[in-house]
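Observations on the three-dimensional arrangement
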Protein chains: 2
Amino acid sequence: MTDTRTRILDLAEKLTQTKGFKEFSYLDLAADIGVKSSSIHYHFKAKADLALALVKRHRYRLDEVYARFDRDLVTPQERLRAVLAHFKEYIVDDRICMCGMMAAEFESINPGVRRELVHYFRDFQDWLAKQFSQLGHANPPTVGLQFLSALEGSLLLVRLEGDASVVDHALDGFVTR
Amino acid sequence: MTDTRTRILDLAEKLTQTKGFKEFSYLDLAADIGVKSSSIHYHFKAKADLALALVKRHRYRLDEVYARFDRDLVTPQERLRAVLAHFKEYIVDDRICMCGMMAAEFESINPGVRRELVHYFRDFQDWLAKQFSQLGHANPPTVGLQFLSALEGSLLLVRLEGDASVVDHALDGFVTR
DNA sequence: GTCTATAGGCAGATAGAC
DNA sequence: GTCTATCTGCCTATAGAC
């Protein structure tokens, strides 16, 4: 059985991706996990602490994903396609990018979490730039930003029509050209 | 002096663009406008009514913007640049696209408002497709979606770095190629 | 670690006077 | 149209027992 702390993080991540971080309560978490809300406070004293743990874990995991792709996949095209597939897995559960959601909630997020968010997107863009650099693009950071923007934007839009191909079409051209 | 109803809508729109629709209360609106929250309820009985009025007014206004651009501007490039400039005006106030924000909050939004949101983005994409069609693109709807995704995504990201050029770079290529 | 109990505050919403 | 007063419910958070 997974420990409570991890189960809290997993559920909080899912709820952030679907509803937003401000849109669930410790009571929601407690009810779903099967404990009392005071137990959630034991693991994460304030909700801001939960937010920080959430983004830090997410950054750490993304680093692992990059490392795995860099190690196991040969061409930049393969790696870009793999990242796209990774985000497309969210769609079936009506999730979007957790950090994209938090970016929308940016104004009500505290400085420590903001800093982590900034780093998340910088790391992401840097990794993307590296791939486009290997593909011989003239301006890799810009193309990385374009990929990132199109990805975040299309994840925002995909739930409205309920058609996952929106993401494919929005990113069309980046992995083939 | 602007009537109270309009002042409520203006303030609610601004707060939705910065914090999100679920992140402000009737108390917030009341305090800023200088009335009591019961007066806000007089104009918009439930908060869902306010959401609907907000998106409907926004759609109506966007239609007017399209019409003005179609009438006053000659080339598709000029019109695309004008739309981009329109959204870039938000950035100085840390606003993002109101409907983009609501798209992030999609899961906690009621069916009537969802429908309006869907129509907003369809109209936007259709208008964009028309411009790209005139520019001779092979697949105008797809390019319209790419423009829209990159716009929404970059508006999400622009507040993290506080650098407005993010939007320009993310949309680079669409108006020049 | 998890529980019971509780505090203090703010949310959306309504009734009825002016 | 705007007010006062009020209801109910949920929120984050804490104290202290087991």
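Structure: see above.
Residues numbered from 1 in each chain as written. Chains lettered and ligands numbered in written order. Predicted model: local features only at pLDDT ≥ 70, side-chain atom pairs only at ≥ 80, totals over all residues. Heavy atoms only, no water.

Take the environment of F44(A) next. All names here are of chain A. With respect to the helices and strands, the residue F44 is situated in the loop between α3 (37–43) and α4 (47–72). Between the alpha carbons of F44 and L9 there is a distance of 9.9 Å; along the sequence they are 35 residues apart. Ignoring any residue separated from it by four or fewer positions in sequence, one finds F44 in contact with R5, I8, L9, Y26, D49, L50 and A53. (Helix = DSSP H or I, 4+ residues; strand = E, 2+ residues; numbered from the N terminus. Contact = heavy atoms within 4.5 Å.)

Core analysis: the largest hydrophobic core is formed by 130 residues, its most contacted members being L29(A), L50(A), F124(A), L29(B), L50(B) and F124(B). Ignoring sequence-local partners within four residues, the contact set of L29(A) consists of I8(A), L11(A), A12(A), L15(A), F24(A), I40(A) and L50(A). (Core = buried A, V, L, I, M, F, W, Y, C linked by side-chain atoms within 4.5 Å. Buried < 20%, exposed > 50% of the residue type's maximum accessible area, 1.4 Å probe, protein only.)

A few words now on the relation of the copies chain B and chain A. Taken as rigid bodies, chain B and chain A are interconverted by a rotation of 180° and an axial shift of 0.0 Å, the fit giving an RMSD of 0.0 Å. Here the transformation between the copies is reduced to the relation of a two-fold axis. When the interface residues of chain B are mapped onto chain A, 100% of them again lie at the interface, so the same face is used by both copies. (Least-squares fit on C-alpha atoms with pLDDT ≥ 70 in both.)

With that out of the way, let us pick up the interface of chain B and chain A. Taken together, the contact between chain B and chain A spans 34 residues of the former and 34 residues of the latter. Here chain B and chain A share an interface that buries about 3100 Å² over both sides, 64% of which is from carbon and sulfur atoms. The three residues of chain B that bury the most area against chain A are E107(B), L156(B) and L160(B), which together make up 20% of that side's buried surface. Our count for the chain B to chain A interface comes out at six salt bridges. (Buried area = accessible area lost by both parts, 1.4 Å probe. Salt bridge = Lys/Arg side-chain N within 4 Å of Asp/Glu carboxyl O.)

In the neighbourhood of DNA strand C, 16 residues make up the surrounding shell, with K36(A), S39(A), H43(A), H41(B) and K47(B) lying closest. For DNA strand C, the fraction of atoms within 4 Å of the protein that belong to sugar or phosphate moieties is 68%. K36(A) has a polar backbone atom sitting 2.6 Å from a phosphate oxygen of DNA strand C. Within the backbone of Y26(B), one N or O atom sits 3.1 Å away from a phosphate oxygen of DNA strand C. Contributing elements (two or more residues each) for the surface near DNA strand C: α3 of chain A together with α2 (26–33) and α3 (37–43) of chain B. Among the elements that line the surface near DNA strand C, the one with the most residues is α3(A), at four residues. Taken together, the residues that form the surface near DNA strand C break down as six nonpolar, seven polar and three charged. (Near = heavy atom within 4 Å. Polar contact = N/O pair within 3.5 Å; in protein donor to acceptor, adjacent residues only side chain to side chain. Nonpolar A, V, L, I, M, F, W, Y, C, P; charged D, E, K, R; others polar.)

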